[in-house]
Amino acid sequence: MKEYYDSSEICKQCVLFARVSTEDQYNKGLSNQSQLTFLNEYADKKGFKIIKVYDIPESSTKRQRKQFFEMLDFVKSQTHKTAIVAHCIDRLQRT
């Protein structure tokens, strides 16, 4: 079994997660690029080192979230606390 990081460790690194699943979201200004611009600024303000970026054009309702689960596996494989930074919580929902 994998040994996890110390729970008292301060989180200093993150992955960015941008996802658009519909044209309507894109038309409302939520393109992956606009999300990534916001996420980069947020990570910089919080002092996070960005270790990977996930720019995903996949729907969460079709149960085929290959890249989403690859991201989760990557975060789980880290030896230090790693934040997942998303534009809003619904980008991560419906697993």
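Residues numbered from 1 in each chain as written. Predicted model: local features only at pLDDT ≥ 70, side-chain atom pairs only at ≥ 80, totals over all residues. Heavy atoms only, no water.

A. How the structure looks around the environment of serine 34. Here serine 34 is to be found in helix 2 (residues 32–46). Sequence spacing of serine 34 and histidine 87 is 53 residues, and the spatial spacing of their C-alpha atoms is 9.4 Å. At a separation of 2.9 Å, a polar atom in the side chain of serine 34 contacts the main-chain carbonyl oxygen of serine 31. (Helix = DSSP H or I, 4+ residues; strand = E, 2+ residues; numbered from the N terminus. Polar contact = N/O pair within 3.5 Å; in protein donor to acceptor, adjacent residues only side chain to side chain.)

B. A look at the nonpolar core. Counting residues in hydrophobic clusters, the biggest one holds nine residues: Cys14, Leu16, Ala18, Leu36, Leu39, Ala43, Phe48, Ala83 and Val85. Contributions of two or more residues to this core are made by strand 1 (13–19), helix 2 and strand 3 (82–86). For leucine 39, the contacting residues outside a window of four places in its chain are Leu16, Phe17, Ala18, Val85, Ala86 and His87. Counting residues in hydrophobic clusters, the runner-up holds eight residues, among them Tyr54, Ile56, Phe68 and Ala86. (Core = buried A, V, L, I, M, F, W, Y, C linked by side-chain atoms within 4.5 Å. Buried < 20%, exposed > 50% of the residue type's maximum accessible area, 1.4 Å probe, protein only. Contact = heavy atoms within 4.5 Å.)

C. Quick look at the side chain of glutamine 78. Here glutamine 78 lies in the loop between helix 3 (66–77) and strand 3. The class of glutamine 78 is buried, set by a relative accessible area of 16%. Looking at glutamine 78, its side chain comes within polar contact range of the main-chain oxygen of phenylalanine 74, at 3.1 Å.

D. The arrangement of the pairing of strand 3 in detail. The buried fraction of strand 3 is high, at four of five residues. As paired elements, strand 1 and strand 3 share five bridges and run parallel to each other. Each residue of the ladder has a partner; that of cysteine 14, found in strand 3, is alanine 83. (Pairing = 2+ DSSP bridges.)

E. Quick look at helix 3. Taking 1.5 Å per residue, 12 residues should reach 16 Å; helix 3 reaches 17 Å between its end C-alpha atoms and fits that length. Along helix 3, the positions that sit buried rather than exposed are Phe68, Met71 and Val75. In an axial view of helix 3, the angular spread of the buried residues amounts to 60°, which keeps them on one side of the axis. Seen from the open side of helix 3, the exposed residues pointing more than 90 degrees away from its buried face are Lys66 and Lys76. In the core, the buried residues of helix 3 are packed alongside strand 1, strand 2 (49–56) and strand 3. (Expected span 1.5 Å × (residues − 1). Arc of directions from axis to C-beta.)

F. Structural detail: the packing of aromatic side chains. Under the definition given, this model contains three aromatic pairs. Ring geometry for phenylalanine 17 and phenylalanine 68: centres 5.7 Å apart, planes at 70°, overall edge-to-face. On the criterion of sequence distance, the pair formed by phenylalanine 17 in strand 1 and phenylalanine 68 in helix 3 is long-range, its members being 51 residues apart. Assigned by exposure class, phenylalanine 17 and phenylalanine 68 land together as buried. The interplanar angle of 55° and the centroid separation of 6.5 Å between the aromatic rings of tyrosine 54 and phenylalanine 74 together place this pair among those described as tilted. Here tyrosine 54, found in strand 2, pairs with phenylalanine 74, found in helix 3; they are 20 residues apart in sequence, far enough to count as distant. Under the relative-accessibility criterion, tyrosine 54 is labelled buried at 9%. (Phe/Tyr/Trp six-rings, centres within 6.5 Å; stacked < 30°, edge-to-face > 60°.)

Interpretation note: all reported values are geometric properties and have no functional meaning in isolation.
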